[in-house]
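# Summary of the model geometry
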Amino acid sequence: MGTILHVVRKVPDLSIAPHATLEDQLIPQATAQFRDTAKAHGPLTFRRWFLLGLFITVAAAVLGNAAIFWHSPDVIKFAAFFAISLMTAGARVRVPGVTGPLSLSFFFVLLGLVELTPSETILLACGVALVQCFWNRPHRPTITFAIFQVALMIVAAGAAERVYHSAWFEFSNIETPYRLVAATLALFLLNTAPIAKWIALTEHKRFAAVWLGTSFWSWPHYMAGAGIALALSNAAGYIGWPTLLLTGPVVYLIYRSYRLYLNRLEAETKHAEEVASLHLRTIEALALAIEAKDHTTHDHLQRVQVYARELAASLDLTDEELQALQAAALLHDIGKLAVPEHIISKPGKLTPEEFEKMKIHPVVGAEILERVRFPYAVAPIVRAHHEKWDGTGYPSGLRGEAIPIGARILAAVDCLDALASDRQYRRAMPLEDAMKVVRSEAGKAFDPRVVDALEQGYVQWERKAQSPAHKSSTLSTDVKIERGHAPAVGFEASNGSPALADAEPVNFLNLIAGARQEVQALFEISQDLGNSLSLDETLSVLDVRLRRIIPHHSLAVWMVHNGELIPEYVNGEDCRLFSSLQIPMGQGLSGWVAENGKPIVNGNPSVEPSYLNDKTMTSSLRSAVALPLEGASGTIGVLTLYHMERDAFTKDHLRLLMAVGPKIGMSIENALRFQQAESSATTDFLTSLPNARSLFLQLDAEVSRARRSNQPLTVVVLDLDDLKQINDRFGHLEGNRLLREVAAGLKASCREYDYVARMGGDEFVVLISGVKQADGQNRVEEFRQVVARIGVQSFDNPLSASVGVAHFPTDGTDAERLLAEADRLMYQQKRARKSSRSGSQANVWERDFKTTFVQ
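Let us look at the structure shown here. Remember, predicted model here, so these are calculated numbers, not experimental data.

## A closer look at the packing of aromatic side chains
Evaluated as defined, the whole model comprises eight aromatic pairs. For the pair phenylalanine 730 and phenylalanine 795, a centre-to-centre distance of 5.1 Å together with 0 degrees between the ring planes defines the contact as stacked. Here phenylalanine 795 lies in helix α32 (residues 773–795) and phenylalanine 730 lies in helix α30 (residues 723–730), a separation of 65 residues in the sequence. Note on accessibility: phenylalanine 730 and phenylalanine 795 belong to one class, buried. Pairwise contacts between aromatic rings join Trp70, Phe78 and Phe82 into one cluster.

In C-alpha cells:
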C-alpha cells in the first residue's frame, strides 16, 4: 500500500502540498476520488470498475487459498514476526530529496518470503496493509479505498510468494538472492502498475508515461529492502530468530534518532520556506511602495507579471530564470522612487532634461535590489529592461543576446501593456493595435523570438490577467479618516482667509471692490517694473507695490549664482540675517523653491539658515510665501515674502504673485543684463579692474575733490618692462596670467579708497589721494616690490617695472596734465632703464626665461 501512495507523487492533478507528507495528502484525495468521481472526473467507467473488481476478486482468492492451505510450523516465530510487523506498520521513513515518506510494509513482505511460509506471508501482508490504512493517519480513508489498498497488497504479496517459491527456481537450484530479486520485481510491478493504470484511466493519459514518470524512482528502495531482508535472514541463521528480534529496541532507538534528525531538518526547511515567503512578501511590499507614488503602475505591474510568467513558460526558461523574472516584473519600476514625482506624473512630453532624470530609474532600481541579495538574478533584469535588441537602449547600450533573456521578455510585455493602458499624456490603444506596434519593433527594440511567442499568446494571457484571481487590492490612499481635527501647527490658510472656520459672511460689494483694486494694483506693478533698467530701483519699486496688495514684514529677492541663492535685495525684519546668507540649492525654504520650481505658501522662515547648523541664527518671522522667478533660461531666482504671524498668507496672495511673477522675472533678468553690459563698458575683462574710460571719469572726480579740499593727489603710471619677452617665449596665456596677478597684487597693496585701473596693454594707473610726495614715493617702491615678487613666484626671476609719478597740484592742476606728466616720466624711466641694461644682462634674462619654460 505504501508503494501505491508513492507512485502518484508526481501526478500534477493530485496537487500534493509541499509542506505535508505525500501519504497524508493522498489518502483524503484518493478517498474523495472514489467517493466523488462523478463530480471530479465523470462517472466511474467500466474499465475502472473492472480493474477494481479484478483485484478484489484475485485478493479474495489468494487469501482463501492461504487459509485453506494454512501451514505454520513455528507458531511462536510467526506470532512474534506478525506482532513486530503490526507495531511498525504505521512507521514511515522520510528520505531527504524524496517527496513523501517511505512505508515499511513492502519490507515485511520481503522478510516474510525468506523467513515464513507462504500462507504466513499472505496473512502478514494483509495485516500490515490494514494497520497502515488506519493507523497514524491524519485522514481516515473510506472503506472502499481501504479494501482496494488491502487487496492490492495481498495480490502483490501472493505473486511475490509464487515467484520466490517457484518450482523452476527450486529445480534449477537458483540461489536465494536471485530468487529474492525476482520476487521483489514482482512485488514492485504489482504494487505500482495497477495504481498507475488507475491514474491513466482517471486522467486520460498513457499508462506507460504515467508509470515511468511516477514509479521508477521507488525501485531502488525495493531493492534496498530486499538486501536488508536477506541480511537479517542470514543473521537469524547464525544467532537465531529470537536473538534477532531482541535487536528490535536497538533498531527502534536508531529509528527514533533518525526521526529526530529528520524533524530538525524539516524544521530548518520550514524556516527556509518561511524566509522565502517573507522574501516574496517583501517583494510585494516594494511593489506597493511603487504604487504609492505612481498609481498608474498598480494594474500595470499585475498584468506585466502575468504576461511575463506565461511568456517565460512558453520559451522554456529554467525555474531560476522564471523566479527572477517574476520578481523583476513586480519591481522593475522601483527605481522611479528616485525620479521626481512631477516628472512621473507629467501630463505631456518630457523635456530632454526630464528624460535624463527618468533614465536613471533602471540603474537605481538595480542598485536597490542588489542590496536585497535575491537568490536569483533579479537586479540584472531590472537594470537592462530598457535595453534594445539593436543596442540603442539605455543605460548600457547592450544588444542582442547580451541582454538577459528576462530583460528581453520584460521589455516586450512592458511596452505592450504600457501602450494598451491609459497614461497621463495619452489614451490607451486597443490591444491589437498595441501588439502591431510591438511587432513593428521586432529586431529593433525587441527580440524577434520573444515577440513571436508574445503574439501567439497575448489574447489568452490578457483574459487571464483580467480574471479576478489576478486582481489584488490597492493601497487605501483614498480612505477618509474621521479622527484628528487638525495638525499641531494648524492648517494652511486658504480661500483668502486665515482660517475657514472663522470665515465671515460673503459681502459681494467688497469682493467687487477688491477685484477692481487688485486689477489696478497689478496694472501699476506691471507698468512700474518696465520703467527702469536699474536692478536696485526695480526691486525697490516692487517692494513698495507688493506691500499694498500683500501685507508682509520682510521681502527678499534671491538670485541663483553657482548653485547658491545670493540675496540681491532684502528689506524689512531680519534683513541683516537674510543678507548674510548664501543658501545652497535645495536647502531652506527658498532653496527648495528654486530647485523644484514650485511655490510654497506659509512655509517656515526659520529653516532658511538651517544649512549653517547654527542655532543662534534664528528668525522672528513665522510664515512665508515664496515664488520661483523664471527667466529665458530657467529659474533665475526666488521672490520670498515673510510675515511675523503664522499662516499670514493665503492662496489668493500666491495667485497674485503668480500673476505678476513672469513680469517680475523678465524685469529682473533685463536689469541684470543691463547691469552686466554697464559693468563691461567700464571694466577691463581680463583683470576685472576699471578700464581707461572709467579711469578718466574717476580721475576728473578725484581732481575736483582734491581742488575743493586742498588735498594732495598722486597719479602713478606703471608699465611692465618684460611683458613682450614673456609673451614671445611663454605665450599670451602666460602673459595674461601675469597681468591678472599684477592687477591683484596692486589692488591688495592699496587702501580701500585708492583707485587701481588698467590703462591698456601692460600699463596700470593708481590714484592715491591724501598722501604727501615722500609717502607717495614709498608707495611706488612697494609697487615695484610687488611686481618683482610676482616675477620670482611665476618665473624664478624678478620682474621690473617703469614707473612715472605726478603730483597735484605741483605737476598739474587738471586730469589730462597729471596723466600726461606721469606717462612722460614713466617712458623717460623706461628709456633710461633700457640704455643702462647691457646686452649680457639681457641675454642672461632671456636664458633664465628659457630655462624656466623648459622646466
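## Notes on empty space enclosed by the protein
Gaps left between atoms show up when a probe the size of a water molecule is rolled over them. The full count for this structure, using the stated rule, is three cavities of 30 Å³ or more. Looking at the second largest cavity, its volume works out to about 50 Å³. Glu387, Lys388, Trp389, Ile403, Ala407, Arg408, Ala411, Ala445, Phe446 and Asp447 are the residues that line the second largest cavity. In terms of residue class, the lining of the second largest cavity is built from six nonpolar, no polar and four charged.

## Structural notes on the sheet that holds strand β7 (residues 623–631)
By way of backbone hydrogen bonds, the strands of a sheet pair with one another, either parallel or antiparallel. Read across the open sheet, the six strands follow the order β5-β4-β3-β8-β7-β6; overall the sheet is antiparallel. On the outer flanks of this sheet lie β5 (583–584) and β6 (600–603), each paired with one strand and no other. Across eight bridges, the pairing between strand β3 (residues 554–561) and strand β4 (residues 564–572) is antiparallel. Bridge assignment links tryptophan 558 to a residue of β4, and that residue is proline 567. Running over the sheet, helix α25 (residues 535–549) touches β3, β4 and β8 (634–643) and is turned about 60 degrees from β4.

## Remarks on the pairing of β4
Along any regular strand the residues' side chains alternate between the sheet's two faces. Taking the residues that link successive antiparallel strands as the turn, the β3-β4 hairpin has two residues, and the phi of asparagine 562 there is positive, at about 55 degrees. Both β4 and β5 contribute to a ladder of two bridges, which runs antiparallel. Its bridge partner lying in β5, glutamate 564 is registered against proline 584.

## Considerations on the sheet that holds strand β10 (residues 755–760)
Strand order in the open sheet formed by four strands is β10-β11-β9-β12, and the pairing between neighbours is antiparallel. Each edge of the open sheet carries a strand with a single partner, namely β10 and β12 (801–808). The sheet shows a mean angle of 20 degrees between the axes of neighbouring strands, taken without regard to direction. Summarising the sheet, strand β9 (residues 713–720) and strand β11 (residues 763–769) pair through seven bridges and their orientation is antiparallel. What sits directly across from valine 717, in β11, is valine 765. Across the sheet, helix α31 (residues 732–749) touches β9, β10 and β11, and the angle it forms with β11 is around 5 degrees.

Analysis parameters
Residues numbered from 1 in each chain as written. Predicted model: local features only at pLDDT ≥ 70, side-chain atom pairs only at ≥ 80, totals over all residues. Heavy atoms only, no water. Phe/Tyr/Trp six-rings, centres within 6.5 Å; stacked < 30°, edge-to-face > 60°. Helix = DSSP H or I, 4+ residues; strand = E, 2+ residues; numbered from the N terminus. Buried < 20%, exposed > 50% of the residue type's maximum accessible area, 1.4 Å probe, protein only. 1 Å grid on protein atoms, 1.4 Å probe; cavity = no way out; pocket = protein on both sides within 12 Å on 5 of 7 lines; lining within 4 Å. Points joined across faces, edges and corners; volume = space filled by probe spheres on them. Nonpolar A, V, L, I, M, F, W, Y, C, P; charged D, E, K, R; others polar. Pairing = 2+ DSSP bridges. Contact = heavy atoms within 4.5 Å. Axes fitted to C-alpha atoms, helices over the stretch in contact; angles between N-to-C directions.

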